[in-house]
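Given next are the chains, with one letter for each unit.
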Amino acid sequence: MPTESEIKKMTVPDILARKKSGKKITALTAYDYLMAEMLDETGIDIILVGDSLGMVVSGYETTLPVTMEEMVYHTRIVSKGVKHALLVADMPFLSYQVSVEQAVANAGRFLKETAAQAVKVEGGRTFVPVVEKLVASGIPVMGHIGLLPQSIHKYGGYKLQGKDPRASNILKDDARRLADAGAFSLVLEKIPAELAREITAAVPVPTIGIGAGPHCDGQILVSHDMLGIYDKFKPRFVRRYAELGKEMRMAFKKYIDDIQSGNFPAEDESFS
Ligand code: KIV
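Scope of this entry: the structure provided in the associated data block. If you're wondering where the values come from, they're calculated on a predicted model, not measured in any experiment. (Residues numbered from 1 in each chain as written. Predicted model: local features only at pLDDT ≥ 70, side-chain atom pairs only at ≥ 80, totals over all residues. Heavy atoms only, no water.)

## Digging into the site of the ligand
Taken together, Thr29, Leu48, Gly50, Asp51, Ser52, Asp90, Lys120, His144, Val187, Ile210 and Val222 make up the full set of residues adjacent to the ligand. A distance of 3.0 Å separates an oxygen atom of the ligand from a polar side-chain atom of Asp51. Between the ligand and Ser52 there is a distance of 2.5 Å, counted from an oxygen atom to a side-chain nitrogen or oxygen. Protein contacts shield 96% of the accessible area of the ligand, which totals 250 Å² for the unbound molecule. Here the shell around the ligand is composed, by residue class, of 4 nonpolar, 4 polar and 3 charged. (Near = heavy atom within 4 Å. Polar contact = N/O pair within 3.5 Å; in protein donor to acceptor, adjacent residues only side chain to side chain. Areas by Shrake-Rupley, 256 points an atom, 1.4 Å probe, with all protein chains shown as cover. Nonpolar A, V, L, I, M, F, W, Y, C, P; charged D, E, K, R; others polar.)

Below, the structure is given as structure tokens:
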């Protein structure tokens, strides 16, 4: 285990440099201190405080109800556990869509009030002015194109994006424009693997895929999905590395049974 002084903190230039070095970028989400600390100790490159917390932590149907207050709170508690990874905070719905001024004020809160080093913004060409202004203000931006969960009502479901030539050209163009605007990386969500390969080859910044196949410069998943804690449904692109949801239910059930049968607490769990 590296000592405190040996831990290297990941920076935005470190992530950008991966485009050249070819070393894949690893990223996962975290929403609380303990999960963030466990994740950080594994040497993950990026920890995203995703607005997916609305679904996996708060029990909302979509990410739309998530507020700036919730995001700032969760980013602050996550940052307590992060010593190594680049910490990125997700801009929630309506925190950057209304005006560029509001986007700067809200994004700035993450850097001022938490230890986030960058923000993530969903959307293509429409948000180029927002990305430019944030970057010019010293706020690094991770773009996010393809399936945009904040636009779920527009799609009518979590559907594959960029399937036909027109849609795939729009996404390619969006990727270039966001990179030109100064985004330091791009999340590509639920698009065909071949399109992700083309975008990855076309932009000078790293792409980080989720449901976008193996050709991206890195990969991200929602931690609760890959751990099997959030097991309501399993998208095809999620690989389950554990079945913690099942384990937790079994442990809760065993605890109840042990109390009812008098098996808990035992003598060595009691005081004389
Ligand atoms: O909110 C989120 O967790 C995301 C991902 C890219 C996983 O946006």
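Structure's up, so let's keep going.
## Points about the pairing of strand E3 (residues 86–90)
In terms of burial, E3 is largely enclosed, as 5 of its 5 residues are buried. Burial along E3 is two-sided: Leu86, Val88 and Asp90 facing one way and Leu87 and Ala89 facing the other are all buried. Bridge count between strand E2 (residues 46–49) and E3: 4 bridges; the pairing is parallel. Across the sheet, Leu48 pairs through a bridge with Val88, a residue of E3. Relative to strand E4 (residues 118–122), E3 runs parallel, the two sharing 3 bridges. Bridged to Ala89 within E4 is Val119. (Buried < 20%, exposed > 50% of the residue type's maximum accessible area, 1.4 Å probe, protein only. Helix = DSSP H or I, 4+ residues; strand = E, 2+ residues; numbered from the N terminus. Pairing = 2+ DSSP bridges.)

## A look at unusual backbone geometry
Here the amide bond leading from Phe264 into Pro265 is cis, since omega sits at -5°, within 30 degrees of zero. Structurally, Pro265 is set in the segment after helix H11 (244–261). The phi angle at Leu94 is positive, at roughly 70°, despite the residue not being glycine. Mapped onto the fold, Leu94 is located in the loop between E3 and helix H5 (100–113). At Lys190, a position not held by glycine, the phi torsion is positive, near 45°. Within the fold, Lys190 resides in the loop between strand E6 (185–189) and helix H9 (193–202).

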